[in-house]
Structures are given as C-alpha cells and as structure tokens.
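Descriptive analysis of the structure
Here is what each chain is made of, one letter per residue.
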Amino acid sequence: MQLKGKTFTNISITLAAASCALAAPVTAQPSELGSWDVDAGLLIYAESDHQVQAYEGALSLTKQIDDERSINLKGIIDVLTGASPNGAVAQNKAQTFTRPSGNGSYITAASDTPLDDTFHDTRVALSTQYQQQLSRLWLYSGGAYLSKEYDYLALSINSALARDFNKRNTTASLGFAYAYDTIDPEGSIPNPGVSVDDPNNRLTDSDTKQTLDLLFGLTQVIDRQTLMQLNYSISDVNGYQTDPFKILSVVDSNGWANNYVYENRPDQRTKQSLFWRTKYNIQPSGQVLDVSYRYFWDDWGIASHTIDSKWRVQLSNQHFIEPHLRYYCQQAANFYRVYLDKGQPIPEYMTADYRLGELQTYTIGLKYGFPIAGNEFSVRLEYYLTQVSGDDGLAKGDGMAGLDIYPDKSAIMIQSFYRF
Amino acid sequence: MRRILLLASVLSLTACSSLGVTPWERDLLAKPEMQLADNPMEIGFDDHTYFSKEGSSGGGNFAGGGCGCN
Amino acid sequence: MNPCIYNRIRSFFIAVSVVTSLFFSTTIFAENTASVIESKETQAPTFVLPGIDNTQVNLEDYRGKVVLVDFWASWCTPCIRSFPWMDEMVEKYGEKGFVVIAINMDQESILATKFLQRYPNKLTIAFDPQGVVAEQYEIMGLPNSFILNKKGEIVYKHIGFRLAELDKYEAEILSLLP
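Residues numbered from 1 in each chain as written. Chains lettered and ligands numbered in written order. Predicted model: local features only at pLDDT ≥ 70, side-chain atom pairs only at ≥ 80, totals over all residues.

Here we come to the overall build of chain A. From N to C terminus, chain A includes two helices and 23 strands. Its C-alpha atoms give chain A a radius of gyration of 24 Å, near enough to 22 Å, the size a compact globule of 420 residues would have. For chain A, the proportion of contacts with a sequence separation of at least 24, taken over those separated by at least 6, is 61%. (Helix = DSSP H or I, 4+ residues; strand = E, 2+ residues; numbered from the N terminus. Rg over C-alpha atoms; globule rule 2.2 N^0.38 Å. Contact = placed C-beta atoms within 7 Å.)

If you want it as structure tokens, here you go:
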C-alpha cells in the first residue's frame, strides 16, 4: 500500500483557517458567529493503462465559536483500486509473481511493465483543528488526525503559533507535528533483500514509524498588491519506511530476471525544504497570480525542485477560471536501482520504486467556478504526466532489448468543491 | 549552497520592517482570492496526490496576509 | 523508546529552540510597538472630510458631544459587525449628545457606496481614502475607534471590534456622557 503520511498537510491546514476567518468574501454576508461553514470536495484520480484509480470524498465543517476561537472537523474517505508497478523490470518474456498475501499469483505479459493489481483499499480519515487568537497579535492552532486503512494506521498531532509584527505586515510562525504510524501488511513484513521464493522471507507481523516535523514560516506583505511567503521545514522520520510490496529484479548478464528480492529502505530519513510563494493581485483587472517554488532535499540523496503557478481570472456573474501549471523534477535516491545484477552482493538498501527515482512531472489544469444557490461551486480538470528517466543502456541483453524500462505515466484528475 | 540559501533567507528577515502597507491599504489582500489558503481542501487533495506519487513532501503554511483586522 | 532515537529527538529540539529564538528575536527587533488602549487624554486631531451627498464633516462641529470616531472599510469583517452595534448606540444615546463619525477607508469608492446601500444606518459617514486623517490618528488596524469626550480629547482607543467587549465599550460611552 502506498505509505501515506499527512503530517505536513496538518500544519498547513492548521494555519489555513487563520486567513479564512479574517476575511469574508466581499460580495457575501459575513458569516454568522456560531454557524457552521461547510466545505465539500470530491477527487477522482485515474491513471492510464489500468493503473491506479482513486476516489476521494471530503467534508469539512468550520465553526467560528466567538471573536477569538474557531474549530474545524474534517472527514475523508478514499477508495483506491487498480494496479501499481511492483518494482520488477520489464522483460521480453512473460513473468509470474506471487501476490503479497501469498494467495495466488499474477502474470505479466512480455514487454509489459509488471503491475501488482492487489491495490484495493478503502481509507477513512478524521481530523480536528482548533484555533485561537491568544491576543491581538498571537495566534495558536492545534489539532489531531487519524487515518485508517486495511493495513495502515496513522495518528498525529500538530501545534502552531504565529505572531504578527510591523502593523501586521509580517507574520512569523512556528509549527510542529508528530505522527505515529503502524503498518500491518497482509502477509506480514517481508525480510529485506531476501528472495520472494525463499520460505523464510517474512519477519514480524507489523512495524511502526515516527515522524517529527518542524515548520518555520515568514509571511510578508510587500505592497498593496503583493504577498510573499518563505518557509523552511525540517522533518525527521524514524522507523519502517520500506514498501513491503515492492521488489527488485535480479538480472543476469543477458538481461533475464530469474529472481526477485524484496526492497529495503533506511530506517531513518531527514527531509528539509525551502519554500517561497508569491501572490500578486494584478490591477486594475483584479486577476491573481500565485507562484511558488520549493527546493527539497533529504539524506537519502533525493533533491527536487517544484514550480507551481495558478492564475485566477474573474469573469462576469461571479464566474472565474483558473489555469494551473506545475513542474516538478527530482533526482534519484542514492539507493535507487532499476534492477540488481546477479552475482553482485545484495546491497543493504535498494528500491526500484520509480517514485524515488529520477523523474520529471508536469501538471496542466483548469479550474472553473461559479455560484450555485449563492454559494461557490468549482470544478477542476487536470492532466498529470510523469516522465521517468535513467540510463537507457541498462536495458541490456536479450532479456530487455528494445524495452522502455522507464515507462511514463499519465493521469487525469478531476476535483470538485462546494462551499456553503 | 544550501547553507548559503538558508542564511540568506534568515538575514533577509531583518529587511522586513521596511516593507508593507498601512492598515487601510489591505483591501486587495483581504479578498478571498488573495488568501494563502483560499481553498484548504484543494490544497489537501493536491498535497496528498503529490506526496503519494513523488519523493518530496510539504513546504506550505498559511498564516499571515489577509485583511489584518482586529 | 530506544536511546538512539531519544538522543536524536533531544538534539533536534535543542537545535530547534536555538533557531526559533534567533528567528523571533530578529523579527521582534524590527517591531514597532504601540499600546492597545491609551488612557492618557490627548486632543484629537481635527479634520474636515467629505461626507455623503456632497456634505462636509467637520470634527469641530461636534465639540460638546461625545464622539466615537471609527475608521472602517467595507472589506473588513469586524467593521461590518460593528455597524449594527454603533447604530444601536446612536439610537440609545443620540439624544444625550452622542454621535458616531464613521470614517471610510475604502480604496475603491464603489465598494463603500455599495456597502452603504446594503446597510442603511444612522451614522455620520466621512471618506478618507488617502488616509490623511488615519495617519494623524496613527491607526494600527481596522477597525480602529477613538472615543472623544465633550472637550474633544481622546479618552479611549480600541483596535478591533470584539462582541465580548460590547458592555465595556458601552460603559465607556456612558462614563463620558453626563
């Protein structure tokens, strides 16, 4: 199962309500104190070639208790189906793999990328967030989160403080989150580096992971039209971070894979990022340009750049469109291997999961919004392309001749929101 | 290189006191489309998708900006 | 928790505390502090501002009355919330010599006009989009209100409008009335 963690989203959402409470839409009535504001959202994510499909529904309720305090409750359900690459490399012959549960097997045709189709899961998540203006210039936010799916339980808490300076032109914030995750995969935790056919390829039933996040933020009003933000975050992850369902092919000198071993990732990971965002209100049209850049790096050797931009254009009758462009590029983790070579010792850490490899992703989307019964409704359609890159010379021998061992992936995402 | 970037960011904080607007010039900043988290649910969906499909995570935070009222 | 992780967490937190203190001290250094409530009485700066329908609002005309000078804008949620209350105060104490001068700070005047059409009121509205008078009153945020006594001195000053403090605001007005 995808190893999910929502610690950063917690800190983000934590302080999100801050700005929402302070500014009511100019054209609407100010929200009544004591009434619930509802936000409903739907996400459909579908990859091409019968790969992953995800459906997610979310409901968020916010109540402004009084001048100083507000509370938010949020529930999410998501359903995941479809197939995902299992890490083995494509071959010029059919391959057979056993299912992670041990019950049954599946066959991948020659020249196809091996996909494990055992990903059918439903996840439920609940969170609560409380916010209080401690004094005129100090804001506190704290919350808790719980997420459960068949083989994974995530629990986390978060806390943040923000303080305004310079007549509220500058806001400095400090956020902290702690998460405790438990993974209990079907068929139990595999023995890393051990062959999938080995009878002793299972360890304990379950394992855990702890995450500690810290976020330092600085928001600055530049001028009447411009807002900027700079954040630094550091995250320490300790515990089981391997994907228990992913394997690597062990390939001979002629490119044929005759053995597969389970992957292994380090028990410790320190992640850091620097994030810069600008929101600019173009006058006199009132269009808003939102551009952000994130530089991310960790001690697994991954470094990435993300550029995200949105351009909101207001149309007549309170309709709006918002084109979206995102570019992401990442360099591979230092233990990323497309496959292992037969005869070489099995490394201590290795993964063939393309998500830790060298890749570039492109997202292009358009959001359209309009009022329904006086409330804002919007729908967003996006195309998400992932290009995996690497040394094409690795497609060696008869086993892999002529094969694309770095298959691209494309997905369509549809999101829709209604707030009332 | 990273350390220089980090240091530069910290030092730039001291320049913040000279930037900004008067309290009554926050009309544009108060608009919903100028908020850092104008749609927390959308941000949640995106963060979740990209966290699941890519090797990086996090970055954003949403305190500050807005009308600066009260 | 095994000792290895404990040590990592401890050094992590120490590093964090040091960085946080540095972070906050650089920003506090640049801070321009101002008191929220001033009880020292100073003469309120006089002004003449345009009002609605081509009238002029001159503060000196209101000498001898208790005046609530309120700076507001149509995009400010607490300001919108203060309007019904200010109306109520004028209704209750208008005859005893209380008046509200609500100075609008909207940069886009059409928004102020639309707002006033939507919220008819008994207040004396004045317009200061350039912020000339707001600068003289050194306003720190919106809404910012000043309660003047009959001699035209600022006795109470409030940044923000809080429903929890309505009784306090009313008591302050009453204390200056007779």
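On a plain count of helices and strands, chain B comes out with two helices and zero strands. Within chain B, buried positions represent 63% of all 70 residues. (Buried ≥ 20, exposed ≤ 12 C-beta atoms within 10 Å, placed from the backbone.)

Okay, the sheet that holds strand β8 (residues 153-159) of chain C next. All names here are of chain C. One open sheet accounts for six strands, arranged β1-β8-β7-β4-β5-β6; its pairing is mixed. A single partner strand is all that each edge strand has here, and the edge strands are β1 (42-43) and β6 (124-127). With two bridges joining them, β1 and β8 adopt antiparallel strand pairing. Across the sheet, T42 pairs through a bridge with I154, a residue of β8. Where helix α2 (residues 77-93) meets the sheet, its contacts fall on β4 (66-72) and β5 (98-104), and the angle it forms with β5 comes to roughly 155°. Of the strands in this sheet, β4, β5, β7 (144-148) and β8 touch helix α5 (residues 166-176), which is tilted by about 25° from β7. (Pairing = 2+ DSSP bridges. Axes fitted to C-alpha atoms, helices over the stretch in contact; angles between N-to-C directions.)

Before going further, it helps to spend a moment on the environment of D290 of chain A. One can find D290 of chain A in strand β17 (residues 287-298). Sequence spacing of D290 of chain A and S309 of chain A is 19 residues, and the spatial spacing of their C-alpha atoms is 5.5 Å.

By a widely used convention, the size of an interface equals the accessible area lost when the partners come together. The partner chain B presents 50 residues to the 75 residues of chain A that form the contact. Of the residues contributing to the side of chain A that touches chain B, the split by class is 34 nonpolar, 28 polar and 13 charged. (Nonpolar A, V, L, I, M, F, W, Y, C, P; charged D, E, K, R; others polar.)

Let us now look at the sheet that holds strand β15 (residues 257-262) of chain A. Strand pairing in a sheet relies on backbone hydrogen bonds, with the paired strands running either antiparallel or parallel. Residue and element names in this part refer to chain A. Read across the open sheet, the three strands follow the order β15-β14-β20; overall the sheet is mixed. Either end of the sheet is taken by a strand with one partner, and the two such strands are β15 and β20 (340-341). With two bridges joining them, strand β14 (residues 247-251) and β20 adopt parallel strand pairing. By the bridge assignment, V251 is partnered in β20 with D341.

Turning our attention to the pairing of strand β21 (residues 358-372) of chain A. Residues and elements named next belong to chain A. Sheet topology places strand β19 (residues 320-331) next to β21; 11 bridges connect them, and they run antiparallel. Across the sheet, Y327 pairs through a bridge with Y362, a residue of β21. Note: β21 against strand β22 (residues 375-389), 15 bridges, orientation antiparallel. Looking across to β22, one finds that E358 is bridged to S389.

Of all hydrophobic cores here, the largest spans 50 residues; its most connected members are C76 and L142 of chain C. Of all the elements in the fold, those that place two or more residues in this core are β4, α2, β5, β6, α4 (132-136), β7 and β8 of chain C. Broken down by element, the residue count for this core peaks at six residues, all from β4 of chain C. The contact partners of L142 of chain C, leaving out residues within four places of it in the chain, are P23, W24 and C69 of chain B together with F71, W72, A73, C76, C79 and M105 of chain C. In terms of nonpolar packing, the next biggest core, distinct from the first, is built from 22 residues, A88, A257, M350 and M400 of chain A among them. (Core = buried A, V, L, I, M, F, W, Y, C linked by C-beta atoms within 7 Å.)

Compared with an ideal rise of 1.5 Å per residue, which puts 17 residues at 24 Å, α2 of chain C spans 25 Å between its outermost C-alpha atoms and is within 8% of the ideal. Taken residue by residue, α2 of chain C has T77, P78, C79, I80, S82, F83, M86 and M89 of chain C as its buried positions. (Expected span 1.5 Å × (residues − 1).)

All names here are of chain C. Relative to β6, β5 runs parallel, the two being bridged by four bridges. Across the sheet, the residue bridging to I101 is T124, located in β6. Each parallel crossover has a hand, and the one from β5 via helix α3 (residues 109-118) to β6 is right-handed. (Right-handed = clockwise from strand over helix to strand, strands pointing away.)

Looking now at the confidence of the model for chain B. Of the residues in chain B, 79% have a pLDDT of 70 or more, and the chain-wide mean is 83. In the predicted assembly, ipTM is 0.87 and pTM is 0.87. (pLDDT = per-residue confidence, 0-100.)

A word on the confidence of the model for chain A. Counting all residues, the mean pLDDT for chain A is 88, and 92% of those residues have values of 70 or more. Ignoring residues within four places in sequence, the model shows residues 1-30 of chain A, a span with pLDDT below 50, making 110 contacts including any to other chains.

Moving on to the environment of L142 of chain C. Residues and elements named next belong to chain C. Turning to its location among the elements, L142 is positioned in the loop between α4 and β7. A count of 30 C-beta atoms within 10 Å places L142 in the buried class. Between the C-alpha atoms of L142 and G160, which are 18 residues apart in sequence, the distance is 6.1 Å.

Take the environment of D198 of chain A next. Turning to its location among the elements, D198 of chain A is positioned in the loop between β11 (170-183) and β12 (207-223). Residues D198 of chain A and V261 of chain A, spaced 63 residues apart in sequence, show a C-alpha to C-alpha distance of 9.2 Å.

A few words on unusual backbone geometry. Residue P284 of chain A follows Q283 of chain A across a cis peptide bond; omega there is 5°. In this model, L142 of chain C is joined to P143 of chain C through a cis peptide bond whose omega is -10°. When you line up the elements, P143 of chain C lands in the loop between α4 and β7. Unlike most non-glycine residues, S111 of chain A shows phi in positive territory, near 70°. Relative to the assigned elements, S111 of chain A resides in the loop between β6 (105-108) and β7 (115-116). For N54 of chain C, which is not glycine, the phi dihedral falls at a positive 60°. Take N54 of chain C: it is sitting in the loop between β2 (48-50) and β3 (56-58). A residue is classified by how many C-beta atoms lie within 10 Å of it, and N54 of chain C, with 6 of them, is exposed.

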